[in-house]
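Residues per chain, in single letters:
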Amino acid sequence: TRTPVTVTVTGAAGQIGYALLFRIASGQLLGADVPVTLRLLEIPQGLKAAEGTAMELDDCAFPLLQGIDISDDPNVAFDGANVALLVGARPRTKGMERGDLLEANGGIFKPQGKAINDHAADDIKVLVVGNPANTNALIAQAAAPDVPAERFTAMTRLDHNRALSQLSKKTGAPVSEIKKLTIWGNHSATQYPDVFHAEVAGKNAAEVVNDEQWLADTFIPTVAKRGAAIIEARGASSAASAANAAIDHVYTWVNGTAAGDWTSAGVVSDGSYGVPQGLISSFPVTAKDGKFEIVQGLDVNEFSRTRIDASVKELEEEREAVRNLGLI
Ligand code: NAI
């Protein structure tokens, strides 16, 4: 039998945690033949609810689940972790400025990055879900100098999946027929969902759509503002779809992308496409042998260039702000 993979989930008692843990334990994160040990990290107020979730996990009698540990200490929760899903974050509350939000999250992601640096397994893979995801990932990465920077990623897979679904609705093609979509930039309202390299049933998606107005005025804002639309409709932020995207992100990272396709993920920039080195920005990526690689050599047209630049500028401003706060 295989040795279990240790998966640490922060914010385990939250709504994404509740939608995520059962899927990890059932084998959907890594594969149906990979045993897992779960480590749940919560703040003290969240521990009791996390224990309740752990009781329900027990009651599922998942054959792959080898154990569950719960802690409010990052040094314990990340000990030996092979995969870390950083979901718990400080949400923006009324009257909170962006600087306050970045500072509050720095207080979470900096110590977690250090704990990962000091205690995680050598093959640690980190996905940051908690917002502002890209900059939280940057803060954690900067606090973990002994871990290769590319092991820190931010989630834009939910945006990617939302874009797939919208394009499927528009063209009538099933999502399985849509390839090579890209989310560029920040997981925020400035993100840029790009269909110019995408394919719908083997044809260029932009040509199939043939409606730049729809792209600019409907598709892009619908994808970028979907989170707010879900809150408006459901009275709570997206949780099951966010958990689903986290599963997709890690599954792809570990098991690879299909030939002739790619996905989107926030990864450390190597300077590709004019994105300043070191920023954690969303790119088109392939995955192979447990590594993401930025897809190279794509033509970026004027329509795309302006939008990528605007989102990257926001990431640079966030980096500058956390630098000034001494968080990186
Ligand atoms: P939630 O408020 O239901 O749960 C968050 C949990 O994190 C709470 O149980 C809280 O006690 C815990 N927590 C807070 N600080 C912590 C710390 N320092 N260590 C461990 N746990 C901590 O929130 P929900 O709905 O589960 O969302 C979590 C995050 O995911 C939010 O930041 C949200 O904005 C973000 N999100 C990101 C998406 C993306 O596409 N990247 C999509 C949807 C949500």
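Conventions used here
- Residues numbered from 1 in each chain as written.
- Predicted model: local features only at pLDDT ≥ 70, side-chain atom pairs only at ≥ 80, totals over all residues.
- UniProt positions renumbered as here; feature names shortened; annotations may be inferred.
- Helix = DSSP H or I, 4+ residues; strand = E, 2+ residues; numbered from the N terminus.
- Buried ≥ 20, exposed ≤ 12 C-beta atoms within 10 Å, placed from the backbone.
- Pairing = 2+ DSSP bridges.

An unreviewed UniProt entry lists the chain under the name Malate dehydrogenase, with Streptomyces demainii given as the organism. Quoted verbatim from the Catalytic activity (unreviewed entry) field of UniProt, the annotation for the chain is "(S)-malate + NAD(+) = oxaloacetate + NADH + H(+)". The chain has a UniProt comment under Sequence similarities (unreviewed entry) that states "Belongs to the LDH/MDH superfamily. MDH type 2 family."

**Some details on the overall build of the chain**
Scanning the chain from terminus to terminus reveals eleven helices and 14 strands. Summarising its shape, the C-alpha atoms of the chain cover approximately 50 × 45 × 40 Å along the three principal directions. Taken over 328 residues, the chain has a buried fraction of 48%.

**Some words on the UniProt feature "domain: Lactate/malate dehydrogenase C-terminal" (unreviewed entry) in the chain**
The UniProt entry lists residues 156-322 under the feature "domain: Lactate/malate dehydrogenase C-terminal" (unreviewed entry), expressed in the numbering used here. A distance of 21 Å separates the end C-alpha atoms of residues 156-322, which is 47% helix and 19% strand.

**Digging into helix H5 (residues 133-142)**
Counting buried residues in H5 gives ten out of ten residues, a clear majority hidden from the surface. Those residues of H5 not exposed but buried are Ala-133, Asn-134, Thr-135, Asn-136, Ala-137, Leu-138, Ile-139, Ala-140, Gln-141 and Ala-142.

**Some words on the pairing of strand S12 (residues 263-268)**
Counting buried residues along S12, six of its six residues qualify, which places the element largely inside the surrounding structure. Pairing of S12 with strand S13 (residues 280-288) involves six bridges; the strand directions are antiparallel. Bridging across to S13, Val-267 finds its partner in Ser-281.

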